[in-house]
Amino acid sequence: MSNFLGSHAINMDAKGRLAIPTKVREELAQLCGGRIVLTANADEERCLLLYPEPEWETLRPKIEALPNMNKAARRLQRLILGNAAPMELDSAGRILVPPTLRSYAHLEKKLMLIGQGKKLELWSEERWFAWLDESSGDDDMPPEMEALSL
């Protein structure tokens, strides 16, 4: 079971290559031989989602099974499946982010890789810190969070 935690400031070069931090790279190597899927996040946050291949293969059939006559489900399928880019870390632990995904998430040189347990999020550093500064009072708190004690 993957356990991606923490945040990592990383850089992307002009060709769209970025090096996965050593700790994350080692976990990906052990978990999936460095085979991952990078795709668009389906909400307004415009970050990318990085799944180890086994986690993706568990999620993918669930997305494919959504009713494609439903507009919201079809949008999710188009964003997640339509932008999915299977890849493998190279010998230096790097990946090449496709131009379409770089554009979608507004990725430039400075990035943040954010652990989310079973997956990772890839953010533009600027958008990540702007998101952190946003007020969170606009969303209704789900009941599961009301009972959570941190």
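Residue numbers restart at each chain and count upward from 1, following the sequence in its written direction. Local features are withheld for residues below a pLDDT of 70 in this predicted model, meaning they are given only at 70 or higher, and side-chain atom pairs are given and counted only at 80 or more; totals for whole chains, interfaces and linings count all residues. Side-chain calculation: all heavy atoms of the structure are included, whereas hydrogens and water are not.

The chain is annotated in an unreviewed UniProt entry as Transcriptional regulator MraZ from Marinobacter excellens LAMA 842. UniProt positions are given in the numbering used here, feature names are shortened, and annotations may be inferred rather than shown by experiment. Taken verbatim from the UniProt record of the chain, the Subcellular location (unreviewed entry) comment is "Cytoplasm, Nucleoid". Word for word, the UniProt comment on the chain under Sequence similarities (unreviewed entry) is "Belongs to the MraZ family."

Asks: Account for the nonpolar core, with residues named and values stated.
Replies: Of all hydrophobic cores here, the largest spans 27 residues; its most connected members are Leu18, Ile20, Leu28, Leu48, Ile95, Val97 and Leu122. Per the convention used, a helix needs a DSSP run of H or I reaching at least four residues, while a strand needs a run of E reaching at least two, with both numbered from the N terminus. Elements represented by at least two residues in this core include exactly α1 (22-32), β3 (35-40), β4 (48-52), β5 (85-88), α4 (99-104), β7 (110-115) and β8 (120-124). Every residue pair with non-hydrogen atoms within 4.5 Å of one another is taken to be in contact. When near neighbours in sequence (up to four residues on either side) are disregarded, Ile20 contacts Arg25, Leu28, Leu50, Leu89, Gly93, Ile95 and Leu113. Nonpolar cores are built from buried Ala, Val, Leu, Ile, Met, Phe, Trp, Tyr and Cys residues. Side-chain atoms within 4.5 Å join them into one set. The cut-offs for exposure are 20% and 50% of the maximum accessible area for each residue type, with area from a 1.4 Å probe on protein chains only; residues under the lower value are buried, those over the upper are exposed, and the others partly exposed. Counting residues in each nonpolar core, the second largest holds six residues, with Val37, Leu49, Ile63 and Ile80 among its members.

Asks: Kindly report on the pairing of β7, identifying the contributing residues and their values.
Replies: Along β7, five of the six residues are buried, which leaves the element largely enclosed by surrounding structure. Relative to β7, strand β1 (residues 7-11) runs antiparallel, the two sharing five bridges. Across the sheet, residue Ile10 finds its bridge partner in β7, namely Leu111. By the convention used here, strands pair only if DSSP detects at least 2 bridges between them. Both β7 and β8 contribute to a ladder of five bridges, which runs antiparallel. By the bridge assignment, Met112 is partnered in β8 with Trp123. Taken together, β7 and the strand that follows it, β8, pair antiparallel across an intervening segment of four residues, in which Gly117 is found at a positive phi of about 80°.

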